[in-house]
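Read off the chains here:
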Amino acid sequence: MFATEGTFAPFNYHDADTNELTGYDVDVAKAVAKEIGVKATFVEGGFDSLLAGVDAKKYDTVADQISATSERQKKYDFTDPYTYSYGVVVANKGNNTVQSFDDVEGLKSAQTGTSNWNQIAQEKGASIVQVGDFSQSVIALESGRADISFNDGLAVIDYLKQHPDAKIKIAAKSEKTPSAQFPFRKGSDDLVAAIDKAITDLQKDDTLTKISEKYFGEDFSQK
């Protein structure tokens with residue numbers, strides 16, 4: 001069983017016409033589950049509760065662009081990556097002072113409580129304005145409650161496509177790196193090995209490439 005937000009387009013969201021849960025992470029999870037011979041099922045919740053649900057054995061893993069940070073690796077076993085993306089700093093359109101990740105010291109950054117972007121923002125010297133999701137980050141930016149927000153570049157690009165009038169911009173971005181893996185409770189060696197093989201096979205036969213191209217127009221499923 002996979003947990004996901006269900007509100008993080010294009011990774012996991014509800015189709016406007018059918019209300020069906022869909023998105024890149026959802027399709028990848030379904031493909032991986034099929035590859036190892038099981039059916040993917042999903043539960044939804046707020047981002048900050050997802051890993052706690054793995055701890056509590058409410059579900060097996062999370063399909064929500066979870067990165068294997070050094071802190072998380074102490075607590076969870078991670079599969080190989082299934083997304084390679086880049087991080088961005090989002091700012092108001094009129095902000096011309098932020099041009100790199102190193103230009104944010106002393107600024108207020110709108111972040112969810114437990115995301116890796118929250119950690120990066122703090123490492124770069126920003127103070128945190130806590131929000132529930134990226135749409136709330138945008139509200140915080142546009143209202144002046146926050147100066148910036150760190151997030152996944154693919155998610156921000158999709159948001160700007162869906163909201164062309166948003167008064168925000170991508171002010172800086174990082175290089176392309178591994179950005180999403182499936183986390184499991186420690187001791188899940190056999191399951192992680194099976195999913196690693198599934199990810200490799202799905203990369204080789206272009207299944208993940210096709211899923212990525214469906215949502216992003218290009219392949220972000222591998223290096």
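Our structure's up above, just so we're on the same page.
Since this is a predicted model, take the numbers as computed values, not measurements.

Analysis parameters
- Residues numbered from 1 in each chain as written.
- Predicted model: local features only at pLDDT ≥ 70, side-chain atom pairs only at ≥ 80, totals over all residues.
- Heavy atoms only, no water.
- Core = buried A, V, L, I, M, F, W, Y, C linked by side-chain atoms within 4.5 Å.
- Buried < 20%, exposed > 50% of the residue type's maximum accessible area, 1.4 Å probe, protein only.
- Helix = DSSP H or I, 4+ residues; strand = E, 2+ residues; numbered from the N terminus.
- Contact = heavy atoms within 4.5 Å.
- Axes fitted to C-alpha atoms, helices over the stretch in contact; angles between N-to-C directions.
- Parallel < 35°, antiparallel > 145°, perpendicular 65-115°, else oblique.
- Left-handed = near helix turned anticlockwise from the far one by under 90°.
- Pairing = 2+ DSSP bridges.
- Phe/Tyr/Trp six-rings, centres within 6.5 Å; stacked < 30°, edge-to-face > 60°.

A. Summary view of the nonpolar core. Membership of the largest hydrophobic core comes to 42 residues, with the highest contact counts inside it found for Tyr24, Val28, Val32, Ile168 and Phe182. If you list the elements that add at least two residues to this core, you get helix H1 (24–35), strand E8 (87–92), helix H5 (134–143), helix H6 (153–162), helix H7 (189–204) and helix H8 (207–216). Ignoring anything within four residues of it in the chain, the contact list for Tyr24 reads Pro10, Phe11, Gln65, Tyr82, Thr83, Ile211, Ser212, Tyr215, Phe216, Phe220 and Ser221. Counting residues in hydrophobic clusters, the runner-up holds 12 residues, among them Ala91, Val98, Ala126 and Phe150.

B. Structural context of the environment of Gln136. Looking at the secondary structure, you find Gln136 in helix H5. Residue Gln136 is classed as partly exposed on the basis of its relative accessible area of 36%. Between the C-alpha atom of Gln136 and that of Asn116, which follows or precedes it by 20 residues, the distance is 17 Å.

C. Representation of the packing of H1 against H7 within the structure. The interhelical angle for the contact between H1 and H7, taken along N-to-C directions, is 110 degrees, at an axis separation of 9 Å. In terms of their interaxial angle, H1 and H7 are classed as roughly perpendicular. Seen from above, H1 lies across H7 with right-handed handedness. Contacts between H1 and H7 pair Ala31, Val32 and Glu35 from the former with Ile195, Ala198, Ile199, Asp201 and Leu202 from the latter.

D. The sheet that holds strand E4 (residues 42–44), seen in detail. The strand order E4-E1-E5 describes an open sheet built from three strands, whose pairing is parallel. Two strands close off the open sheet at either side, each with one partner strand: E4 and strand E5 (61–62). As paired strands, strand E1 (residues 2–4) and E4 are joined by three bridges and run parallel to one another. When the sheet's bridge partners are listed, Phe2 is paired in E4 with Phe42.

E. How the structure looks around the packing of aromatic side chains. Following the criterion strictly, the structure yields 12 aromatic pairs and no others. Ring centres of Phe11 and Phe216 lie 5.7 Å apart, and the angle between their planes is 50 degrees; on these two criteria the pair is classed as tilted. Placement of the pair is Phe11 in the loop between E1 and strand E2 (13–14) and Phe216 in helix H8, with a sequence separation of 205 residues. On the basis of relative accessibility, which here comes to 0%, the residue Phe11 falls in the buried class. An aromatic cluster is present here, built from Phe2, Phe8, Phe11, Tyr24, Phe42, Tyr82, Phe182, Phe216 and Phe220 joined pairwise through their rings.

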